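Analysis of the macromolecular model
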Amino acid sequence: MIEIKGAVKNYEWGGYHYLPTLLDSNEENDRPVAELWFGDHHSGSSTLVDGSLLTKWIELSPEYHLGKRLVQKFGCRLPYLLKILDVREPLSIQVHPTIMQAKQGYAREMVMNVDPGCRSYKDNNHKPELMLALSDFYLLHGFRNVTKGVYELNKYQTLKPLVLMYQELGIKNFVSAIFSLPVSELESLLVPVIEQYRSAYLQNEISKSQSLFWFMRAVQRIEREKMPLDAGLIMIFIMNLMYVPKGGVVYQNAGIPHAYLEGQNIELMANSDNVVRCGLTSKHIDIKELLLITDFEPITPTIVAGRPSNDGGIDYIVPADDFRLREYHLEKGQTLTTPDENGACIWFVLSGELMLGSQQHYSNAGSAFYQRPGEVNVIHATSDVLLYRASASIA
Ligand SMILES: [Zn+2]
């Protein structure tokens, strides 16, 4: 196994402490640290310890570094991308495409020579995502059923006109309608709600279990950054608000609108950066594309249950072959012989210390390793260790 270093992403919504602490970084944290990427995506490749790019290393000999079967199934790059996220402020609401939609969208935007800032398709791959909460975690995930949405909207006097629209139009046409509202109309609907609850929010009197809390939190950012009010604020009331306890796992398939609101997580996804935005953003919203690829059927959010693997780990299996997440809890003194997988794996040490048998190399929390196909290593836990492994399904 070789050690790899994650690519750091300093997005505005990130936190200041979690990732620098995990990485034991002494750098001044004047910029938020939002994401750490482990993989070979061209927008943020991991590096080897000598600073060279993992992307280049894989390109030198794809079959040797990725495995023949993995190359046959997914091509000459890692099929997955592993990230650690620290969400301090709500992200934009977003939807990811299917493979077919991504291929068509990417080709179309290339032909039309769309400005990079307005592009939804940065590659031709789908981006199903799995997240595992590393803390209490809150997110918006899919649409509520209409009865629940009506109940939420009806709580606020000035939103009552929306209730009728929502019931008559159905979710899809309602979303289309609110994204066509002029800002002045959004203001007359939303400003009274904002003013009514501002002091309660500021005095911590609204619980995080209420959609209103996240509405007010999103408003804080919009006001601070002097952004116009955005129909994404209405989306908060018609989407499922999901609380995920530490260790809980959620899967987001193509078409499911979602937004991370607060907390830390591990994200494992297909190796893509294709995002169609759906509000709570100052970035470009392609409403036509959004209506085309979003799944407007209401859903009941579920937690993905882990299954014991034959080597003492826990597998989180989802209907995407591009990635598998396995979790290992090792006790101090325990050893783990890393399985003889058919494709490349990335290992991430979340907590504890371990030693790699063949290399006498000590590693602690925040470390990551790349394992070539067929490689067998022995991991010795020198303290209690929590370890994650990303791989692909090539069956
Ligand atoms: Zn996403």
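For clarity, every value in this text was computed on a predicted model and none was experimentally measured. Counting of residues starts from 1 at the beginning of each chain's written sequence and follows it residue by residue. Selection of residues for local features in this predicted model requires a pLDDT of at least 70, selection of side-chain atom pairs for listing and counting requires 80 or more, and totals for whole chains, interfaces and linings are taken over all residues. Side-chain numbers come from the whole structure's heavy atoms, not from hydrogens or water.

**Things to note about the nonpolar core**
The biggest cluster of nonpolar side chains holds 55 residues, and the ones touching the most others in it are Leu 159, Leu 190, Phe 215, Leu 233 and Met 235. Excluding residues within four positions of it along the chain, Leu 233 makes contact with Leu 190, Phe 215, Ala 218, Val 219, Ile 222 and Leu 280. Counting 41 residues, the second largest nonpolar core, distinct from the first, contains Leu 22, Trp 57, Val 71 and Leu 386. Throughout this description, the term nonpolar core refers to a set of buried Ala, Val, Leu, Ile, Met, Phe, Trp, Tyr and Cys residues connected via side-chain atoms within 4.5 Å. When accessible area is computed with a 1.4 Å probe and restricted to protein chains, residues below 20% of their type maximum are described as buried, those above 50% as exposed, and intermediate ones as partly exposed. For this analysis, residues touch if any pair of their heavy atoms sits within 4.5 Å.

**Digging into the side chain of Arg 221**
Secondary-structure assignment places Arg 221 in helix α9 (residues 211–224). Given the relative accessible area of 16%, Arg 221 is considered buried. Setting aside residues no more than four positions away along its own chain, Arg 221 makes contact with Glu 89, Pro 90, Met 227 and Leu 280. A run of DSSP states H or I qualifies as a helix once it reaches four residues; a run of E qualifies as a strand once it reaches two. Both are numbered from the N-terminal end.

**Concerning the domain arrangement of the protein**
As used throughout, domain bounds are those supplied by an automatic or database domain assignment. Taken as a whole, the protein is organised into domain 1 (90–304) and domain 2 (307–391). Put simply, the middle of domain 1 and the middle of domain 2, counted by C-alpha atoms, are 34 Å apart. Each partner contributes to the interface: domain 1 provides 14 residues, whereas domain 2 provides 13 residues. Across the interface of domain 1 and domain 2, roughly 1,100 Å² is buried in total on both sides, 83% from carbon and sulfur atoms. The working definition used for a salt bridge is a side-chain nitrogen of Lys or Arg within 4 Å of a carboxyl oxygen of Asp or Glu. On the surface where domain 1 and domain 2 come into contact, there are 0 salt bridges. The term polar contact refers here to a pair of N or O atoms within 3.5 Å; inside protein, the definition further demands a hydrogen-donor-capable atom paired with an acceptor-capable atom, and it admits residues adjacent in sequence only when both atoms are side-chain atoms. Across the contact surface, domain 1 and domain 2 share 1 residue pair in polar contact (both at pLDDT 80 or more). Secondary structure elements with two or more residues in the side of domain 1 that touches domain 2: β7 (129–133), β10 (249–252) and β11 (258–270). In terms of residues, the side of domain 1 that touches domain 2 owes the most to one element, β11, which gives 4 residues. Of the residues assigned to the side of domain 1 that touches domain 2, the class counts are 11 nonpolar, 2 polar and 1 charged. Two parts placed together each lose some accessible area under a 1.4 Å probe, and the buried area is that loss summed for both. Polar here means any residue outside two lists: the nonpolar Ala, Val, Leu, Ile, Met, Phe, Trp, Tyr, Cys and Pro, and the charged Asp, Glu, Lys and Arg; Gly therefore counts as polar.

**Points about the sheet that holds strand β17 (residues 345–351)**
Within the open sheet, the 8 strands sit side by side as β4-β1-β20-β17-β22-β15-β14-β13. Their pairing is antiparallel. Two strands bound the open sheet, and with one partner strand each, they are β4 (47–48) and β13 (307–308). Paired strands, as defined in this entry, are two strands with at least two bridges between them according to DSSP.

**Some words on the packing of helix α6 (residues 146–153) against helix α7 (residues 160–178)**
Angular values range over 0 to 180 degrees, each being the angle between N-to-C directions of two axes fitted as lines to C-alpha atoms, with helices fitted over their stretch in contact. Between α6 and α7, the least distance of the axes is 10 Å, while the angle of their chain directions is 160°. With respect to α7, the axis of α6 lies roughly antiparallel. The two elements α6 and α7 cross, and the hand of that crossing is right-handed. For the pair α6 and α7, the contacting residues are Val 146, Gly 149, Val 150 and Leu 153 in the first and Val 163, Tyr 166, Gln 167 and Ile 171 in the second. Each angle gets one of four labels, with under 35 degrees taken as roughly parallel, over 145 as roughly antiparallel, 65 to 115 as roughly perpendicular, and the rest as oblique. Crossings are sorted by hand: turned counterclockwise from the far helix by less than a right angle, the near helix makes the crossing left-handed, and turned clockwise it makes it right-handed.

**A closer look at α7**
Given a helix with a known number of residues, its expected span is that number minus one, times 1.5 Å. Between its terminal C-alpha atoms α7 stretches only 14 Å, short of the 27 Å expected from 19 residues at 1.5 Å a residue. Throughout, the bend at a residue refers to the angle made by two axes, fitted to the seven residues ending there and to the seven starting there. At Gly 170, α7 shows its strongest bend, of approximately 125°. Within α7, the full set of buried residues consists of Leu 162, Val 163, Tyr 166, Ile 171, Phe 174, Val 175 and Ile 178. Summarising the contacts, the buried residues of α7 are in contact with β8 (137–143), α6, α8 (183–202) and α10 (232–238).

**Quick look at the coordination of the zinc ion**
For Na, K and Ca the donor cutoff is 3.2 Å, while for all other metals N, O and S atoms must lie within 2.8 Å; water is not among the atoms, so some sites may look incomplete. Coordination of the zinc ion by the protein comes from Gln 94 (OE1), His 96 (NE2), Glu 129 (OE), Glu 129 (OE) and His 258 (NE2), over a distance range of 2.1 to 2.7 Å. Here the donor residues of the zinc ion share one chain and are spaced in sequence as Q-x1-H-x32-E-x128-H. Of this pair, Gln 94 sits in strand β6 (residues 94–95) while His 258 sits in strand β11; the two residues are 164 residues apart in sequence, bridging distant segments of the chain. Of the two residues, Gln 94 and His 258, neither departs from the other in class, the shared state being buried.

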